[in-house]
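Notes for the structure review
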Amino acid sequence: MSAYKAKRTPGSGGRNSSGNVAGRDTPTRKTKPPSHSIAGSPGMPTSLPPALGEIGVKVFDVEKMMQFCGPQVTGRFKKALVSGEPTPEADQTVIEAGIFAFASALGAVNYAHWFFPLRAGSGATGSTAGMKHDAFFDLDWGFDGLVPPLVPKMPKGRLFNGETDGSSFPNGGLRVTHAAAAFTSWDRGSPPFVHEGTVYIPCAFCSHYGKALDDKTPLLRAQDAINVQGLRLLKLIGGYDDVDQVVPYLGWEQEFFVVSKEAYLKRPDLRACGRTVMGAPPSRGQQMDLNYFAAMPESVKNYMDDIQKALLRINCPLSVYHNEVAPGQHEYSPIFRLANISSDSNQIAMQISVEIAAKHDLVILFHEKPFAGINGSGKHNNWSIGTNKGQNFFNPGKNEKQSELFAIALACLTYAVNEHNEIIRCSVAHAGNDWRLGAQEAPPAIVSLMPGVAFANKIKDIIKGGPLSGYMSHQGTVPSGSKWVQDLTTGLEDRNRTAPFPFCGNRFEFRAVGSSQNCAFPMACVNTAFADGMSKLCDAIEGGTSVRDACAAMFAAHERVIFCGNGYSAEWPIEAKKRGLPNLKDAVEAAEQFATPKNKAVFERMGVFSPEEVDARAEIMYENYSAVLECEAATLLEMVRTGVEPACAEDLSIYAGAGGGAYNKRKDLYASVTSLTDSLEGAMGKMPEDVVAQAGYLKDKIKPLMLQIREVCDASEGLVKKALWPFPSYTDCVFTHQMNAPGANTV
């Protein structure tokens, strides 16, 4: 199902999964409320606040297409999204003209093919999307003369296809300078939108030979696999003849830190790396639990209000924002939508967050671990599978049919997480996330499935011969203990924050995704694994096994991956090892397991990657890891040589005449700063050239040295006279901006 075929579906993503509530206006932005607006309803206001009245005004959705292109073109376009047929050339021309008319009325002068190359560094920069701004004009090719005049329009053929240099982006050897052509093509299921005078056209990005060079293409291919195998499975189950589309949904939760522009500009590590490579912990961190869901500082509240307004205009339904656990840490999240659209929304949300922060004299840090000693940031991916008729595979429902579908889906998911455990782990493996996973604040690096205690017991019953149905949605109540408060409503299962893949009532939450990541690649991997699970179950049923027995066998074969206990406990890694579950502790270990024959086979079987593309991805994993670590090491060297060492030398001189313990303590500590930095400098000069060896060397040799240098620098920060220390402290970074409220209402 596409954005152009808006079908409301039971909640299946995000925290407030209440369905797609999206009012739409004309591009002239008249005040007429959307057709399904509550404005003017009995007991409701006759008008809406501007932020709610402008929902979707800048997105070229189905209503805009109908308005600017007519019902026939729109109808054929919607059918093509279901069938996969190309849009006829004549219709392409009409849609190009329609988008130009819509966008130019909103002040757009340019259009851009917006794509998602495989580069690292979003922890430092926000979104790493690629784009170039092309002007809305062309030569008048019908002019009878030597010098045709310019006419305002979208050049013919430029909406659906574009070309760029593929060799200048990470490509794992798929492109080289003398064979560099790469192409962008509009993801027709993700509507274009207007932002800052440019129409953004969400695109796939492939090589001259059709090899994926981006995060979006594998997601779209995996969505196709979900549809093919999902329809196949529903046909075998029976009773779903009216379903013609099965799709994945996604609702993301984006965590990040906010710091002042002043502090950011004075820290080379934040500017270059997105995280601090040194910094003594603040006296008050998160130990008093003062930040989580607390009232926002005015500066941040003004900023968040502006983000929400901007995102609602482009139909990114940002429904929640709040303080997170660590000081200076916050989160926002939207209502769920189709996985490809939701992934796109996350990338533009990251970009807009950075842009608006600058107007408030703030800076956003999307790195997984900007500050040591306090919580890092994730991007929880709330994922589900639905149909165009409203069924949600992961909603147990309140009848036998839906309950059975839930159990069948869970059998496929149990297979997916167990059989393709390494793929799912690799999807979240990168240098930034290594600081977070397994750190008592995020799920462990061991990927397990948490379906809930009650359903885990149901699985045992199914294995023993019990029916698939019987586990249904229900809400319990517990007394509040006060006449003033009615009984509290409880969920179907308790919440397990230590699990990487827990059940959340109508969806599963992939909690291991890093805050800087593009959701598309983790979702591509999860969808590939689940599609293969459905395929394997279909094979068994088509081979003559009953649906019940096939599910029971699948549960029995893969039950080891189910764990409902404490993932933070010291006992779990030991237990996981006994069960034979992989424990890929870091990104390098994970990369080593990505391009295996088994993984290549499933990606090829599901039509997501060719073996060559899998090899390229693995190479890029190593390259990106090395690029990040090299940048961090170089930054650390610079900060020590030009900042820490001079400060230590001047501080030591204060005590030189006095001698005694204060002097000797400083002398020994400051000397260790220099000696360890000398060692790092020497080690950096011995870097191997092979891409795999280099990543391993950086992990095993350089990173430990960096941590040792950090330890002595942080200790030095606690001794050096404050006026001499060259960089803002953690307290300066996470608290100072909260006292100011600049730039309110900049959007």
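Presented here is an overview of the structure given in this document. Given the structure is predicted, the values throughout are model-derived calculations rather than measurements.

Concerning the overall build of the protein chain
Helix and strand content of the protein chain: 23 helices and 17 strands. Taken over the C-alpha trace, the protein chain has a radius of gyration of 27 Å; the compact-globule value for 747 residues is 27 Å, and the two agree within 12%. For the protein chain, the spread of C-alpha atoms along the principal axes amounts to about 90 × 80 × 70 Å. Burial status across the protein chain gives 58% buried among its 747 residues. Within the protein chain, contacts between residues at least 6 apart in sequence are counted, and of these 75% link residues at least 24 apart. Carbon and sulfur atoms form 54% of the exposed surface of the protein chain, whose accessible area is close to 29,500 Å². Distance between charge centres in the protein chain, computed from 73 positive and 79 negative side chains, equals 4 Å.

Considerations on empty space enclosed by the protein
With the rule as written, the count across this model stands at four cavities of 30 Å³ or more. When its volume is computed, the largest cavity comes out at roughly 120 Å³. If you go around the largest cavity, you meet 13 residues; those closest to its centre are Glu 255, Glu 324, Asn 375, Glu 441 and Arg 497. Across the lining of the largest cavity, the residue classes tally to one nonpolar, five polar and seven charged. Quantified by volume, the second largest cavity comes out at close to 40 Å³. Here the lining of the second largest cavity is built from residues that sort into four nonpolar, no polar and two charged.

Here we look at the environment of Ala 204
Structurally, the position occupied by Ala 204 is in strand S8 (residues 198–207). Ala 204 sits in the buried class, given a relative accessible area of 13%. Ala 204 sits 20 residues away from Thr 184 along the chain, and the two C-alpha atoms are 5.5 Å apart. Each residue touching Ala 204, except ones within four places of it in the same chain, is listed here: Phe 183, Thr 184, Ser 185, Asp 214, Lys 216 and Thr 217.

Things to note about the packing of aromatic side chains
Given two aromatic rings, one states the distance between the centres and the angle between the planes to describe the pair. In the structure shown here, the tally under the stated rule is 37 aromatic pairs. Ring geometry for Phe 257 and Phe 371: centres 5.4 Å apart, planes at 65°, overall edge-to-face. On the criterion of sequence distance, the pair formed by Phe 257 in strand S9 (residues 246–260) and Phe 371 in the loop between strand S13 (362–365) and strand S14 (379–387) is long-range, its members being 114 residues apart. Residues Phe 257 and Phe 371 agree in their burial class; the two are buried. Ring geometry for Phe 455 and Phe 555: centres 6.3 Å apart, planes at 65°, overall edge-to-face. Placement of Phe 455 in helix H14 (residues 453–463) and of Phe 555 in helix H16 (residues 547–558) is noted, with a sequence separation of 100 residues between them. An identical accessibility class is assigned to Phe 455 and Phe 555; each is buried. Against the face of Tyr 655 rests Arg 666, its NZ or CZ located 4.1 Å from the ring centre. Against the face of Trp 435 rests Lys 703, its NZ or CZ located 4.3 Å from the ring centre.

Digging into helix H3 (residues 71–83)
When the terminal C-alpha atoms of H3 are compared, their 18 Å separation across 13 residues agrees well with the 18 Å that a helix rising 1.5 Å per residue should span. Here the buried face of H3 lies against helix H2 (62–69), helix H4 (89–105) and strand S6 (181–186). Positive backbone phi, approximately 85°, marks Gly 84, located one or two places after H3.

Quick word on the environment of Val 199
Positionally, Val 199 belongs in strand S8. In this structure Val 199 comes out as buried when scored by relative accessible area, which is 2%. Residues Val 199 and Thr 528 lie 329 residues apart in sequence; the distance between their C-alpha atoms is 31 Å. Apart from the residues within four sequence positions on either side, Val 199 is in contact with Ile 99, Ala 103, Ala 108, Asn 110, Tyr 111, Ala 112, Phe 136, Pro 192, Phe 193 and Val 194.

Topic: the packing of helix H9 (residues 298–313) against helix H10 (residues 339–359)
Where H9 contacts H10, the axes come no closer than 10 Å and their chain directions differ by 135°. When the axes of H9 and H10 are compared, the pair comes out oblique. At the point where H9 passes H10, the crossing takes the right-handed sense. Where H9 approaches H10, its residues Tyr 303, Asp 306, Ile 307, Ala 310 and Leu 311 are matched on the opposing element by Ala 349, Ile 352, Ser 353, Ile 356 and Ala 357. Taken together, the residues of the contact of H9 with H10 sort by class into eight nonpolar, one polar and one charged.

Considering H2
One turn of an α-helix holds 3.6 residues; hence residues three or four places apart share an orientation. Turning to H2, its buried residues number three or more, namely Val 62, Lys 64, Met 65 and Cys 69. Relative to the axis of H2, the buried residues are bounded by an arc of 155° and lie together on one face. Along its buried surface, H2 packs onto H3 and H4. N-cap assignment for H2: the residue whose side-chain oxygen lies 3.2 Å from the backbone N of Glu 63 is Asp 61.

Thoughts on the nonpolar core
Formed by 156 residues in total, the largest nonpolar core has its most connected members in Tyr 303, Trp 383, Phe 393, Phe 394 and Phe 530. Counting residues in hydrophobic clusters, the runner-up holds 29 residues, among them Cys 69, Phe 100, Phe 115 and Ile 201.

Focus on the state of the cysteines
Counted by the stated rule, this structure contains zero disulfides. Summary of cysteine pairing: Cys 273 is not part of a disulfide, and the nearest cysteine sulfur, belonging to Cys 631, is at 4.2 Å. Judged by its relative accessible area of 8%, Cys 273 is buried. Counting only cysteine sulfurs, Cys 648 is the nearest neighbor of Cys 713, a cysteine outside any disulfide, at a range of 7.1 Å.

Focus: the pairing of strand S10 (residues 318–323)
Across five bridges, the pairing between S10 and strand S11 (residues 329–334) is antiparallel. Residue pairing in the sheet places Leu 318 in a bridge with Pro 334 of S11. If you look at the hairpin formed by S10 and S11, you'll find five residues sitting between the two strands, and Gly 328 has a positive phi there, around 80°.

Thoughts on the side chain of Asn 291
For Asn 291, the position within the fold is in the loop between helix H8 (268–273) and H9. Take Asn 291: its relative accessible area is 12%, and that puts it in the buried class. At 3.4 Å, the side chain of Asn 291 forms a polar contact with the side chain of Asn 323. At 3.5 Å, the side chain of Asn 291 and the backbone oxygen of Gln 329 are in polar contact. Those residues in contact with Asn 291, other than ones at most four positions away along the chain, are Asn 323, Glu 324, Val 325, Ala 326, Pro 327, Gly 328 and Gln 329.

Looking at the pattern of salt bridges
Two side chains bearing opposite charge may form a pair once their charged atoms approach each other closely. The full count for this structure, using the stated rule, is 35 salt bridges. The partner of Lys 301 in a salt bridge is Asp 305, with the nearest N and O atoms 2.9 Å apart. Highlighted residues: Lys 301 and Asp 305, both in helix H9, separated by four residues, approximately one helical turn. By relative accessible area, Lys 301 is classed as partly exposed at 34%. Because the salt bridges share partners, they merge into one network encompassing Arg 641, Glu 645, Asp 678 and Glu 681.

The rules behind these values
Residues numbered from 1 in each chain as written. Predicted model: local features only at pLDDT ≥ 70, side-chain atom pairs only at ≥ 80, totals over all residues. Heavy atoms only, no water. Helix = DSSP H or I, 4+ residues; strand = E, 2+ residues; numbered from the N terminus. Rg over C-alpha atoms; globule rule 2.2 N^0.38 Å. Buried < 20%, exposed > 50% of the residue type's maximum accessible area, 1.4 Å probe, protein only. Contact = heavy atoms within 4.5 Å. Areas by Shrake-Rupley, 256 points an atom, 1.4 Å probe, with all protein chains shown as cover. Lys, Arg positive; Asp, Glu negative; His and termini not counted. Charge placed at Lys NZ, Arg CZ, Asp CG, Glu CD. 1 Å grid on protein atoms, 1.4 Å probe; cavity = no way out; pocket = protein on both sides within 12 Å on 5 of 7 lines; lining within 4 Å. Points joined across faces, edges and corners; volume = space filled by probe spheres on them. Nonpolar A, V, L, I, M, F, W, Y, C, P; charged D, E, K, R; others polar. Phe/Tyr/Trp six-rings, centres within 6.5 Å; stacked < 30°, edge-to-face > 60°. Lys NZ or Arg CZ within 6 Å of the ring centre and 35° of its normal. Expected span 1.5 Å × (residues − 1). Axes fitted to C-alpha atoms, helices over the stretch in contact; angles between N-to-C directions. Parallel < 35°, antiparallel > 145°, perpendicular 65-115°, else oblique. Left-handed = near helix turned anticlockwise from the far one by under 90°. Arc of directions from axis to C-beta. Polar contact = N/O pair within 3.5 Å; in protein donor to acceptor, adjacent residues only side chain to side chain. Core = buried A, V, L, I, M, F, W, Y, C linked by side-chain atoms within 4.5 Å. Disulfide = S-S within 2.5 Å. Pairing = 2+ DSSP bridges. Salt bridge = Lys/Arg side-chain N within 4 Å of Asp/Glu carboxyl O.

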